[in-house]
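# Architecture and fold: a report
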Amino acid sequence: MALDLTPFLSNNAKSMRRSAIRDLLNVANKPEIISFGGGFPNVLTFPVDDLKQIMAELMDEMPGKLLQYGSTEGSVALRKQIAKRYQKDGVNVGIENIIITTASQQALDLLSRVFLNPGDTVLCGLPSYLGALQAFWSYQGMPIGIKHDEEAEAVVSALCAIGKKPKFIYAIPDFQNPSGVTMSLERRKEILAVAKKYDILVIEDSPYKEIRFEGESQPTMYSLDPERVILLGTFSKTFVPGFRLGWVLASPEVIDRINVAKQSADLCTPIFSQEVAARYMEKDLYDKNLAKTIDMYRQKRDLMHECLTKYMPEGVTWTRPEGGLFLFVTLPEGYDSKELFEIAIKENVAFVIGEVFYCNGKGQNTFRLNFSYVSDEDMIEGVKRLGKATAQLLSK
Ligand SMILES: Cc1ncc(COP(=O)(O)O)c(C=O)c1O
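Presented here is a report on the structure given in the accompanying data block. Predicted model, so just to flag it, every value in this text is computed and none were measured.

Below, the discussion takes up the packing of helix H8 (residues 152-161) against helix H9 (residues 185-198). Here H8 crosses H9 at 25°, and the two axes come no closer than 9 Å. Classified by the angle their axes make, H8 and H9 are roughly parallel. Two packed elements cross with a definite hand, and for H8 against H9 that hand is right-handed. Across the interface between the two elements, Ala152, Glu153, Val156 and Cys160 of H8 pack against Glu190, Ile191, Val194 and Tyr198 of H9. Tallied by class, residues from the contact of H8 with H9 come to 6 nonpolar, no polar and 2 charged.

In structure tokens, the structure reads:
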């Protein structure tokens, strides 16, 4: 019989929560299922030939460096390239403001490790990215939800009144996962003003900002308050998730704390992928590839929108985000997307139920659809199946 681990588990381990998305996606793993579940980029956006060439080039030039341990803060060449991108937008940063992480998920984990004590509250969107909620729970943090149109000061002052002042505010201001909502400049300023007034840190999680199809780009929250805001960037959605490359942009003091936490987490992020990414950017290939990716995703967003209009029964609504990878769908009040999921799986189509993104246990009548990953052909067929499944649910 397997050893019962319960008496050995730490309190942190006991408060960890399994990803409902990963569990759902396991169900949706069969080849006949068209999945709108994961937040995966489209494989056709991966610049395979350019990367092959750069990898061969670097293996000739610097095999010893490429296959060696790297520094905890990460490749200087890569940090320079990342800093340059922010400098281009007028943000005054240098490599001392940047640490490379094993993609953004590690940054969320390290920040939770550095800042959260058991019971500490974190203000986050309703809905919000599940992986961030998981990181907060892992350190016994308590995510508290705020709707995108709710007054931030009212929520924060109510929490302060019961001795639960948030340790930080967690925001995904651009094309939020899962809602697709982008914060206006006024909202950004409102949140920063509240953070300043109540002395709270702000985490700006920013994987989608560069994937804008139309409309005007908003300034990062970091650029509006570089002392208080900790920005998380990643190449996972704009380049290749398999490299597992992200970064934290923050004051040198915050970077130093994260550095110490990272030392005990994984010593360093693989230097191989860092140097390849740096060379890719030095050759000015990154922006060219990204422009093509944005065109592809814009077209896919439009196609999904069109298909939903065509196949979804009346009463169902969805967002039309100006960027990012997701649409968020709302069923009429009283219907549960978990029930829809059961029907949809029988129709060989999958998505992520909205409830998993709501730290207050609500959102039953919502679900998330990814439009970046599947082929156009599968998208049309998948939404058709989804429309059929939804019609079955609504006619019950
Ligand atoms: C808002 C947000 N933050 C962070 C991540 C983690 O991405 P990665 O660890 O691949 O950088 C994701 C992935 O979907 C995300 O949507």
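Each strand in a sheet pairs with its neighbour through backbone hydrogen bonds, running either in the same direction (parallel) or in the opposite one (antiparallel). If you trace the 4 strands from one edge of the open sheet to the other, you get S9-S10-S13-S12, paired in antiparallel fashion. The strands lining the two open edges of the sheet, one partner per strand, are strand S9 (317-318) and strand S12 (352-353). The sheet contact formed by strand S10 (residues 326-330) and strand S13 (residues 366-370) spans 5 bridges and is antiparallel. Across the sheet, residue Val329 finds its bridge partner in S13, namely Phe367.

This part takes up the site of the ligand. Around the ligand, 14 residues are found, and the nearest of them are Ala103, Ser104, Gln105, Thr234 and Ser236. Counting residues per element, the shell around the ligand draws most heavily on helix H6 (residues 103-115), which supplies 3 residues. Looking at the shell around the ligand, its residues break down into 5 nonpolar, 8 polar and 1 charged.

Each value, and the rule that gives it
- Residues numbered from 1 in each chain as written.
- Predicted model: local features only at pLDDT ≥ 70, side-chain atom pairs only at ≥ 80, totals over all residues.
- Axes fitted to C-alpha atoms, helices over the stretch in contact; angles between N-to-C directions.
- Helix = DSSP H or I, 4+ residues; strand = E, 2+ residues; numbered from the N terminus.
- Parallel < 35°, antiparallel > 145°, perpendicular 65-115°, else oblique.
- Left-handed = near helix turned anticlockwise from the far one by under 90°.
- Contact = placed C-beta atoms within 7 Å.
- Nonpolar A, V, L, I, M, F, W, Y, C, P; charged D, E, K, R; others polar.
- Pairing = 2+ DSSP bridges.
- Near = placed C-beta within 6 Å.

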